[in-house]
Amino acid sequence: LLACLERAADLRRLELRNVGCDCDEMMSDAQARVLFQACSRLETVVLTRCDGVGDGAAEALAALPCLGSLDLSWSQALSDAGLASLLAGAGAPLRHLRLEGCKSITEAGLRLVPSLPGAGALRSLELQWVNSAGAGEAAALRAGMPLARVVDYFGGAMDE
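Residues numbered from 1 in each chain as written. Predicted model: local features only at pLDDT ≥ 70, side-chain atom pairs only at ≥ 80, totals over all residues. Heavy atoms only, no water.

**What about the pairing of strand S2 (residues 44–48)?**
Taken across its five residues, S2 has five buried, putting it largely inside the fold. Alternating residues of S2 divide into Thr44, Val46 and Thr48 and Val45 and Leu47, and every residue in both groups is buried. Pairing of strand S1 (residues 13–17) with S2, which is carried by five bridges, proceeds in the parallel orientation. Pairing of arginine 17 across the sheet is with threonine 48, part of S2. Relative to strand S3 (residues 69–71), S2 is paired through three bridges, and the arrangement is parallel. (Buried < 20%, exposed > 50% of the residue type's maximum accessible area, 1.4 Å probe, protein only. Helix = DSSP H or I, 4+ residues; strand = E, 2+ residues; numbered from the N terminus. Pairing = 2+ DSSP bridges.)

Following this line, the structure appears as structure tokens:
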């Protein structure tokens, strides 16, 4: 897969789902770095349930100059450090970030989000099934990012 995608420099959208589930192979952070360096024009990336994708992949994604929409749902290896990397402001400003089921993201990580340079560009932040994303945390995020639609643990949206 990587050998083919390395030649896809003009690729704008990438969707990989369930890579690593019920099989011996999973995408690693190292493979993700190679992939995102080769496909540097990506605008939309969906990596749901890709077990090996974590903080290293988040760093590589953050450097993509055109990335506007990212779905890392159920990426168990993604932690607060990866979330901070995504919103550090290094690449294009993310407008849509979906982190459904990312269980390694903590309240402390969510509290930092509004202060990160890239957070002001977010228009939607989806945190369904993120254990630390209760209504109170979502309300605090919304207060710190008034232009963003924030979706909490149970799918409640705070965008009014």
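**Quick notes on the packing of helix H2 (residues 29–38) against helix H3 (residues 55–62)**
Two numbers describe how H2 lies on H3: the axes approach to 8 Å, and their chain directions differ by 10 degrees. Relative to H3, the element H2 is oriented roughly parallel. Of H3, the residues touching H2 (which contributes Asp29, Ala32, Arg33 and Phe36) are Asp55, Gly56, Ala57, Ala60 and Leu61. Residue composition of the contact of H2 with H3, grouped by class: five nonpolar, one polar and three charged. (Axes fitted to C-alpha atoms, helices over the stretch in contact; angles between N-to-C directions. Parallel < 35°, antiparallel > 145°, perpendicular 65-115°, else oblique. Contact = heavy atoms within 4.5 Å. Nonpolar A, V, L, I, M, F, W, Y, C, P; charged D, E, K, R; others polar.)

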